[in-house]
Each structure stands twice: as C-alpha cells, then as structure tokens.
Amino acid sequence: GDSVTQTEGLVTLTEGLPVMLNCTYQTIYSNPFLFWYVQHLNESPRLLLKSFTDNKRTEHQGFHATLHKSSSSFHLQKSSAQLSDSALYYCALSGTYQRFGTGTKLQVVP
Amino acid sequence: ETAVFQTPNYHVTQVGNEVSFNCKQTLGHDTMYWYKQDSKKLLKIMFSYNNKQLIVNETVPRRFSPQSSDKAHLNLRIKSVEPEDSAVYLCASSFLGDQDTQYFGPGTRLLVL
C-alpha cells in the first residue's frame, strides 16, 4: 500500500546552517501529489508547499522541495535555518486520501 | 472569518463516559476529516465525509462514530472513552480530491482519566 517515510524523530540544527528533511514514498499511482505541512508549537498543521510535477523545484517561505519520481523522494530544504523554523514537519502523499508520514521535529538552536 | 472551527478546545473526562466534539468549516469545502494526533505526534486519519457521505473509514474502534449534518459540519462522538483515547483530535477540510490542500482546525485535546 501507499506509504511515506520521513527522517525519524528530532533534527537539531544551529541557526544559519542548511536544512534538509528527508521524505520518500511508495505509491501505486503514477502521478502522486506530495505535500509538506508544518506544525508549530500549540498550533495545527498548515500547508508549507506541494507538488506533483516531476523534477520541478517548488518554493515557499524560504523552503523548497523537488519531486523526484525516479527516486520517489520529496526532500524539504532551506539554505539557512532560522530559530522560527523550529516546528514539526509532515510529509504527505495523495492517494485514496492524504497519507501523512510520522513527522520530523526540527529544532533550531542559536 | 473563513476557517475551520472546533469545540471544545479541551475536555477532561473519566473512563467510560461519552464525549462529543464539533467541527464547522466556513471555507466552502465539500470534504471534511477527523484525525487523531497522539502523544508521539503521529497523525492518523479516522474518517472522511464528502457532502455528508462517509468516504473514508479507517480502522477505528466502534465506540467512535462520526456524524455530518451538511458539508460544513462534522461531529465526532466517542462512547465509553478509554485511556488510549487521550489525544488531540484534529478536524480538517478540503475540496474533494486527495491532491487538494487540507485546512486544519485548532484541535480538541481530550484527556481521559
């Protein structure tokens, strides 16, 4: 069945360093949509960015991701982490319904 | 204001009691969802309704029952709560289509003593 695999657990980065959160997926669909949702402390998840176009970079709020169907990946990246980026990040895959990964907690420290 | 609204924000109850949560969206969407977010922050879909019709019913205990009066409202009732039901219940909405962005409400935190 469909599944999403994310970087496990907690990622701690020093402010200013690049961010990369991994997301890989498995699906029977040839044209899946991939999403990144972000959930800040005491808030609910909200969309950060999404894509369905192979090999096209999608950007929003300083973050970017490229869907690579050849490797079934949709990694989230940012060139320079900020303290305000500390949050829980979910990768999600379209299918019968949106299937969410287990989430990766990003902690940015000074 | 267009958004997804949930009530109550927080509910504390004892094992065996019945609880009900409400969700309303004013975004004009036709599909609504209930998710359970546990203490490890795992986000699991429970139910999905499209225009009052149940379209997704994941494996959840029978004590959980959703109800939708129209496409803008989706409620969740839990009969005889158990300790493992303690979690945040998130309501979301979107247009029908798994590729559409989901908009989440603020959540209802349930604590079962």
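So, a few notes on the structure that sits alongside this text. From a predicted model like this one, the values you see are computed outputs, not experimental measurements.

Next up on the list: the overall build of chain B. The secondary structure content of chain B amounts to 0 helices and 11 strands. Starting at the N terminus and ending at the C terminus, chain B contains elements arranged as β-β-β-β-β-β-β-β-β-β-β. Scaling as 2.2 N^0.38, a compact globule of 113 residues should have a C-alpha radius of gyration of about 13 Å, and chain B matches this with 13 Å. Once the C-alpha set of chain B is aligned to its principal axes, its extents read approximately 35 × 30 × 25 Å. By the burial criterion, 45% of the 113 residues in chain B qualify as buried. When contacts within chain B are restricted to residue pairs at least 6 apart in sequence, long-range pairs at least 24 apart make up 55% of them.

For the rest of this paragraph, the subject is the interface of chain B and chain A. The extent of an interface is frequently quoted as the accessible surface area lost upon association of the parts. Each partner contributes residues to the interface: chain B has 17 residues there, and chain A has 16 residues. Between chain B and chain A, a total of about 1,500 Å² is buried, with carbon and sulfur atoms accounting for 57% of that surface. Remark: the boundary between chain B and chain A carries 0 salt bridges. Mapped by element, the contributors of at least two residues to the side of chain B that touches chain A are β4 (31-37) and β5 (43-50) of chain B.

Strand pairing in a sheet relies on backbone hydrogen bonds. The paired strands run either parallel or antiparallel. Residue and element names in this part refer to chain B. Taken in spatial order, the 4 strands make up an open sheet running β1-β3-β8-β7, and their pairing is antiparallel. Where the open sheet ends on each side, the last strands, each with one partner, are β1 (4-7) and β7 (64-70). Across the sheet, the axes of successive neighbouring strands diverge by a mean angle of 20°, strand direction being ignored. Of the strand pairs in this sheet, β1 and strand β3 (residues 19-25) are connected by 4 bridges, and their pairing is antiparallel.

Our next topic: the environment of Glu18(B). Residue and element names in this part refer to chain B. Residue position: Glu18 is located in the loop between β2 (10-13) and β3. Along the chain, Glu18 and Glu82 lie 64 residues apart, while their C-alpha atoms are 10.0 Å from each other. Setting aside chain neighbours within four positions, we find Glu18 in contact with Arg77, Ile78, Lys79 and Ser80.

Bringing the environment of Ala92(A) into the picture now. All names here are of chain A. By the secondary structure assignment, Ala92 is in strand β10 (residues 87-93). For Ala92, a relative accessible area of 0% translates into the label buried. Sequence-wise, Ala92 and Tyr29 are 63 residues apart; in three dimensions their C-alpha atoms are separated by 14 Å. Those residues in contact with Ala92, other than ones at most four positions away along the chain, are Val4, Phe33, Leu34, Phe35, Tyr37, Gln98, Arg99 and Phe100.

Residue and element names in this part refer to chain B. Among the secondary structure elements, Asn50 is positioned in strand β5. Overall, the relative accessible area of 15% leaves Asn50 in the buried class. Beyond its immediate sequence surroundings of up to four residues, Asn50 is in contact with Asp30, Thr31, Ile55 and Leu96.

Pro8(B) follows Thr7(B) through a cis peptide bond whose omega is -10°. As for its placement among the helices and strands, Pro8(B) is situated in the loop between β1 and β2. We note that Asn42(A) has phi near 65°; this positive angle belongs to a residue other than glycine. Inspection of the secondary structure puts Asn42(A) in the loop between β5 (34-39) and β6 (46-51). Phi is positive for Ser80(B), close to 55°, though the residue is something other than glycine. Mapped onto the elements, Ser80(B) comes out in the loop between β8 (73-78) and β9 (87-94). Judged by its relative accessible area of 39%, Ser80(B) is partly exposed.

Our next topic: the state of the cysteines. Formally, a disulfide is one covalent bond, and it connects the sulfur atom of one cysteine to the sulfur atom of another. A full pass over the atoms with the stated rule returns 2 disulfides over all chains. Covalently, Cys23(A) is tied to Cys91(A) through a disulfide, its sulfur atoms 1.9 Å apart. Note on the Cys23(A) and Cys91(A) pair: the S-S dihedral is about -65°, so by sign convention the disulfide is left-handed. Taken together, the residues span a long stretch of sequence, with Cys23(A) in strand β4 (residues 23-26) and Cys91(A) in strand β10 at a distance of 68 residues. Each member of the pair, Cys23(A) as well as Cys91(A), carries the same accessibility label: buried. Two residues, Cys23(B) and Cys91(B), share a disulfide whose sulfurs are 1.9 Å apart. Its S-S torsion of about -80° marks the bond between Cys23(B) and Cys91(B) as left-handed, since a negative value means left-handed. One end of the pair, Cys23(B), is in strand β3; the other, Cys91(B), is in strand β9, and 68 residues separate them in sequence. Pair check on accessibility: Cys23(B) and Cys91(B) agree, each one buried.

Conventions and cut-offs
- Residues numbered from 1 in each chain as written.
- Chains lettered and ligands numbered in written order.
- Predicted model: local features only at pLDDT ≥ 70, side-chain atom pairs only at ≥ 80, totals over all residues.
- Heavy atoms only, no water.
- Helix = DSSP H or I, 4+ residues; strand = E, 2+ residues; numbered from the N terminus.
- Rg over C-alpha atoms; globule rule 2.2 N^0.38 Å.
- Buried < 20%, exposed > 50% of the residue type's maximum accessible area, 1.4 Å probe, protein only.
- Contact = heavy atoms within 4.5 Å.
- Buried area = accessible area lost by both parts, 1.4 Å probe.
- Salt bridge = Lys/Arg side-chain N within 4 Å of Asp/Glu carboxyl O.
- Pairing = 2+ DSSP bridges.
- Axes fitted to C-alpha atoms, helices over the stretch in contact; angles between N-to-C directions.
- Disulfide = S-S within 2.5 Å.

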